[in-house]
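# Residue-level structure breakdown
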Amino acid sequence: MDIRGNLNRVRDRIVKAAGRVGRSPESVDLVCVTKTVGPEAIREAVANGVSIIGENRLQDACRKKELLAEIDVRWDMIGHLQRNKINSALEVFSFIHSVDSLKLAEAIGTRSLQRGRTMSVLLEVNVFGEESKFGLSPAKLEEEIEGICLVEGIKVQGLMTMAPWYDNAEDTRPGFAKLRELGEEIRARKVPGFDFRHLSMGMSNDFEVAVEEGATLVRIGSAIFT
Ligand SMILES: *Cc1c(COP(=O)(O)O)cnc(C)c1O
């Protein structure tokens, strides 16, 4: 695995995609998704400038973080989170991309307050319809957004989505554009507690399209670890 070379190529592609739409490349942060690799590969990625790690399984993240206690990076939860595991999730993660219900938001908020902190979260939205299964539907988001943003103990900083696999990455564009429009619309309505800073969208297959459509966090795994 040429982790350093892959990271350089990914960063270069982010810079070019941002440039095509007049965005500053600094407005896009790379979340390095390490779900398929072990501590050694993570260490090498961090040595090459990675500062945010994304994991989609709590137990894997716990184990890896313990083995990498000496490195100073941010650990992000990008996968589905079960309500009965929130306490350990709060120990490992400092950012959660995948809040998909009011109940989960409330559970995270309550546990965070018990720990004397607030958790930064994004709301996962299924903007791709039936083709992907996770997240709030846009209609449900509209219904629940005000309630979720009022939950104490969390800070809602934006939206996240995960595109299904398309052979042609261009096919993800309408979904990514839709996520941005939803965020802008909620901000324009001045929903209290919605602090719109992030759009988490784009993976190895489609991150350039996501950056062109406004992604501030791209979650990339296989393009780095191959
Ligand atoms: C695995 C995963 C990614 C990264 O996918 P790649 O195609 O390997 O870049 C991003 N987001 C989520 C939620 C994932 O589970």
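Structure report, in brief. (Residues numbered from 1 in each chain as written. Predicted model: local features only at pLDDT ≥ 70, side-chain atom pairs only at ≥ 80, totals over all residues. Heavy atoms only, no water.)

Of regular secondary structure, the protein possesses 8 helices and 8 strands. For 226 residues, the compact-globule formula gives about 17 Å, and the C-alpha radius of gyration of the protein, at 17 Å, lands near that figure. Taking all 226 residues of the protein together, 54% fall into the buried category. When the accessible area of the protein is evaluated, it comes to approximately 10600 Å², of which 48% is carbon and sulfur surface. (Helix = DSSP H or I, 4+ residues; strand = E, 2+ residues; numbered from the N terminus. Rg over C-alpha atoms; globule rule 2.2 N^0.38 Å. Buried < 20%, exposed > 50% of the residue type's maximum accessible area, 1.4 Å probe, protein only. Areas by Shrake-Rupley, 256 points an atom, 1.4 Å probe, with all protein chains shown as cover.)

Turning to the site of the ligand, a few remarks are in order. Contacts to the ligand come from Val-33, Lys-35, Asn-56, Ile-78, Met-162, Met-203, Ser-204, Arg-219, Ile-220, Gly-221 and Ser-222. At a separation of 2.5 Å, an oxygen atom of the ligand approaches a polar side-chain atom of Ser-204. Here Ser-222 contributes a backbone N or O atom positioned 2.8 Å from an oxygen atom of the ligand. Alone, the ligand offers 380 Å² of accessible surface; in the complex the protein occludes 86% of this. (Near = heavy atom within 4 Å. Polar contact = N/O pair within 3.5 Å; in protein donor to acceptor, adjacent residues only side chain to side chain.)

Another aspect to go through is the packing of helix α6 (residues 138–150) against helix α7 (residues 173–188). Two numbers describe how α6 lies on α7: the axes approach to 12 Å, and their chain directions differ by 20°. When the interaxial angle is binned, α6 and α7 end up roughly parallel. The handedness of the crossing between α6 and α7 comes out as right-handed. Note on element contacts: α7 touches α6 through Lys-178, Leu-182, Glu-185 and Ile-186, opposite Pro-138, Leu-141, Glu-142 and Ile-145. Taken together, the residues of the contact of α6 with α7 break down into 5 nonpolar, no polar and 3 charged. (Axes fitted to C-alpha atoms, helices over the stretch in contact; angles between N-to-C directions. Parallel < 35°, antiparallel > 145°, perpendicular 65-115°, else oblique. Left-handed = near helix turned anticlockwise from the far one by under 90°. Contact = heavy atoms within 4.5 Å. Nonpolar A, V, L, I, M, F, W, Y, C, P; charged D, E, K, R; others polar.)

What follows deals with the packing of helix α1 (residues 3–20) against helix α2 (residues 39–47). Packing of α1 against α2 brings their axes to within 9 Å, and their N-to-C directions diverge by 50°. It follows from the interaxial angle that α1 and α2 lie oblique. Judged by the sense of rotation from one axis to the other, the crossing of α1 with α2 is right-handed. Residues Ile-3, Arg-4 and Leu-7 of α1 pack against Ala-41, Glu-44 and Ala-45 of α2. Each residue belonging to the contact of α1 with α2 can be placed in one class, and the counts come to 4 nonpolar, no polar and 2 charged.

Among the residues making up helix α3 (residues 58–67), those that are buried are Leu-58, Asp-60, Ala-61 and Lys-64. The arc enclosing the buried residues of α3, seen along the axis, measures out at 155°, which places them on a common side. Residues of α3 that are exposed and point more than 90 degrees away from the buried face comprise Gln-59 and Glu-66. (Arc of directions from axis to C-beta.)

Counted by the stated rule, this structure contains 21 salt bridges. Here Glu-212 ties to Arg-173 by a salt bridge, and the two come within 2.6 Å at their closest N and O atoms. One end of the pair, Glu-212, is in helix α8 (residues 207–212); the other, Arg-173, is in helix α7, with 39 residues separating them in the sequence. Taken together, the shared-partner salt bridges in this structure form one network comprising Arg-20, Glu-170, Arg-173, Arg-180, Glu-184, Glu-212 and Glu-213. (Salt bridge = Lys/Arg side-chain N within 4 Å of Asp/Glu carboxyl O.)

Relative to strand β3 (residues 74–77), strand β2 (residues 52–55) is paired through 4 bridges, and the arrangement is parallel. Among the inter-strand pairings, Glu-55 is bridged to a residue of β3, identified as Met-77. Considered for its hand, the β-α-β crossover made up of β2, α3 and β3 is right-handed. Pairing analysis gives 2 bridges linking β3 to strand β4 (residues 95–99), with the strands arranged parallel. In the sheet register, Met-77 faces β4, and the bridge partner there is Ile-96. As for the winding sense of the linkage, the β-α-β connection from β3 through helix α4 (residues 86–92) to β4 is right-handed. (Pairing = 2+ DSSP bridges. Right-handed = clockwise from strand over helix to strand, strands pointing away.)

Assignment of secondary structure puts Leu-68 in the loop between α3 and β3. Residue Leu-68 is classed as buried on the basis of its relative accessible area, which comes to 1%. For the pair Leu-68 and Ser-88, spaced 20 residues apart in sequence, the C-alpha to C-alpha distance is 17 Å. With residues up to four places along the chain from it excluded, the contact list for Leu-68 reads Pro-39, Ile-42, Arg-43 and Trp-75.

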